[in-house]
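Chain by chain, the residues run as shown.
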Amino acid sequence: MKKWLMTLAIITFAGVMAACSTPEDNEHNGHNEEEEVHVDEHADEHAHMDHSSSGEVPDELAVAENPTYEVGSKALITDGHMPGMEGAEATIVGAFDTYVYAVSYDPTTGGDREINHKWVIHEELADVGAEPLEVGDEVVLEAEHMAGMQGALAEVDSVERTFVYMVDFVLTTTGEEVENHKWVTEEELSPVEEE
């Protein structure tokens, strides 16, 4: 009986202590948890991006005739979509002529909306026909550049007709080798200066 009363007293005491904690304590603890989550979420916004790919392209994608950067040539990436990309020397492994889109979409896996993702090509969109889409159009993505991308409903932020390139390069931040990266546009490359 004494043991039972002692156990009851301990449980009651613990309950009273938990109930007596101040709102400031609870807010402070919650705030710390939020800060930790915030830091983890934004440590590398593109960690879920598949930097490399198999190199497969849609059958209907047109190979570029007389592209500025020929397959096998080198170019400097002047505008990158992820850390370590800008300033890297790229080797051109594919050159194509198509419509390219920047799109915003909610990943099918959940999480924050991807805003102005660069790039998705016309041939990676579902049921669109041959004509280009316009800014504001909605479309289902077939591309798999990032987790949660394939099958997502996207809104077109920009569209242009240009040469797009598949490239190999080494991230300037980590030294990671990236193969068959999709996609880099003509405007995001510049010639490599010869020594």
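Just so we're clear, the structure is a prediction, and the values are computed from it rather than from any experiment.

**Topic: the layout of surface pockets**
Part 1 of the argument: Estimated volume of the second largest pocket: approximately 170 Å³.
Part 2 of the argument: Along the wall of the second largest pocket there are 13 residues; nearest its centre are Glu60, His122, Glu123, Gly129 and Ala130.
Part 3 of the argument: Here the lining of the second largest pocket gets three residues from one element, more than from any other, and that element is strand E3 (residues 89–105).
Part 4 of the argument: A per-class count over the lining of the second largest pocket returns five nonpolar, three polar and five charged.

**A short note on the side chain of Thr98**
Part 1 of the argument: By the element assignment, Thr98 lies in strand E3.
Part 2 of the argument: Its relative accessible area of 2% is what places Thr98 among the buried residues.
Part 3 of the argument: There is a polar contact of 2.7 Å between the side chain of Thr98 and the side chain of Glu123.
Part 4 of the argument: Leaving out residues up to four positions away in the same chain, Thr98 has contacts with Leu61, Ile121, His122, Glu123, Glu160, Arg161, Thr162 and Val164.

Cut-offs and rules
Residues numbered from 1 in each chain as written. Predicted model: local features only at pLDDT ≥ 70, side-chain atom pairs only at ≥ 80, totals over all residues. Heavy atoms only, no water. 1 Å grid on protein atoms, 1.4 Å probe; cavity = no way out; pocket = protein on both sides within 12 Å on 5 of 7 lines; lining within 4 Å. Points joined across faces, edges and corners; volume = space filled by probe spheres on them. Helix = DSSP H or I, 4+ residues; strand = E, 2+ residues; numbered from the N terminus. Nonpolar A, V, L, I, M, F, W, Y, C, P; charged D, E, K, R; others polar. Buried < 20%, exposed > 50% of the residue type's maximum accessible area, 1.4 Å probe, protein only. Polar contact = N/O pair within 3.5 Å; in protein donor to acceptor, adjacent residues only side chain to side chain. Contact = heavy atoms within 4.5 Å.

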